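Residues per chain are reported as follows:
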Amino acid sequence: MIHFVGAGSGGADLITVRGARLLGEADCVIYAGSLVNPDVLQYAREGCALHDSAGMTLEEVMAVMAENEKAGKTTVRLHTGDPSLYGAIREQMDRLDELGFAYDVTPGVSSFCGAAAALHAEYTLPEVSQSVIITRMAGRTPVTEGEQLRKMASHGCTMVLFLSTGLLEEVERELLAGGAYTSDTPAAIVYKATWPDERVFRCTVGTLAKTARDNHITKTALITIGGFLGTEYERSKLYDPTFSHGCREARE
Ligand code: SAH
């Protein structure tokens, strides 16, 4: 059996209870060493075989899994954050399907959730934004025409950019070209959200590149953009005393 497990965004105690249990039962753990906090491996049992996938190809990862399957061993494939986002999990699952090996997936706390926690922020504020666009700047991995950052930026909603910290001059240009944000629109760079050395830099769309440069942030960071980082919003209907809903009658 192969278990894909989301390790969470950094803090070792942010892995789910299920993820930690599966780690404790595994004969072998293949972990994404470039981003998974090594402290998470404390949940693996002694004698468990450890493989850092950072230096491995898909084929090599599959070979380790296949060998374990043939020996009747349990493998945990440990991905950073939640495996469904930029996790390269689909290509592994498709090969396991072809080989007829059973697997399941345990979600994890994605870094975009860790970043909101670090910012003490809520991405979806009434009258500010009710949508979150999770995307990236096109880099060596291209994005489709319809997902060009300037098009995404035309909505003016909350935006979280993964994998884009090295391209911030271009990010700024694209965000402004979308027409909905201005250079004064609030933004923040969250470095290593939920890790012990987490850092938060609040800035604006126009100062993203400079802020990263001044603080030597080049990777392991998320860029968040939008009015949710500002001060204006409306209170929720859900907890408004004058509003009735399925669980509560209006009081005034
Ligand atoms: N599956 C992961 C994302 C993997 S892609 C998740 O759900 O979080 C790797 C990118 O995620 C990094 O380049 C960075 O942009 C972002 N990232 C991952 N962990 C992070 C963290 N703790 N803090 C800030 N950004 C992080």
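The structure we're discussing is the one just above.
Cut-offs and rules
Residues numbered from 1 in each chain as written. Predicted model: local features only at pLDDT ≥ 70, side-chain atom pairs only at ≥ 80, totals over all residues. Heavy atoms only, no water. Helix = DSSP H or I, 4+ residues; strand = E, 2+ residues; numbered from the N terminus. Buried < 20%, exposed > 50% of the residue type's maximum accessible area, 1.4 Å probe, protein only. Contact = heavy atoms within 4.5 Å. Areas by Shrake-Rupley, 256 points an atom, 1.4 Å probe, with all protein chains shown as cover. Lys, Arg positive; Asp, Glu negative; His and termini not counted. Charge placed at Lys NZ, Arg CZ, Asp CG, Glu CD. Pairing = 2+ DSSP bridges. Axes fitted to C-alpha atoms, helices over the stretch in contact; angles between N-to-C directions. Arc of directions from axis to C-beta.

Engineer: Explain the overall build of the chain to me, please; I cannot follow it from the model alone.
Structural biologist: Scanning the chain from terminus to terminus reveals seven helices and ten strands. In terms of overall dimensions, the chain has a C-alpha envelope of 60 × 50 × 35 Å along the principal axes. The buried share of the chain, taken over its 252 residues, is 46%. The long-range fraction of contacts in the chain, counting pairs at least 24 apart against all pairs at least 6 apart in sequence, stands at 67%. Summed over its atoms, the accessible surface of the chain is roughly 13,200 Å², and 50% of this surface lies on carbon and sulfur atoms. Charged side chains in the chain number 23 positive and 33 negative. The centres of these two groups are separated by 2 Å.

Engineer: Looking at this structure, I do not really get the sheet that holds strand E8 (residues 186–191). What am I missing?
Structural biologist: Strands belonging to one sheet form pairs held by backbone hydrogen bonds; the direction of such a pair is parallel or antiparallel. Overall, mixed pairing links the five strands, which are arranged E6-E7-E10-E8-E9 in an open sheet. This sheet does not close on itself; its edge strands, each paired only once, are strand E6 (132–136) and strand E9 (199–204). Each adjacent strand pair in this sheet contributes to an overall mean axis angle of 20°, direction not counted. Two elements, E6 and strand E7 (residues 158–162), share five bridges in a ladder whose sense is parallel. Opposite Val132, over in E7, you have Thr158 as the bridge partner.

Engineer: Any chance you could explain helix H1 (residues 17–25) here in plain terms?
Structural biologist: Each α-helix turn comprises 3.6 residues. Residues three or four places apart therefore point the same way. Among the residues making up H1, those that are buried are Gly19, Ala20, Leu22 and Leu23. Seen along its axis, H1 keeps its buried residues to an arc of 160°; they face one direction. Next to the buried residues of H1 lie strand E1 (2–6), strand E2 (28–31), strand E4 (75–79) and strand E5 (103–106).

Nothing here speaks to function; it is geometry throughout.
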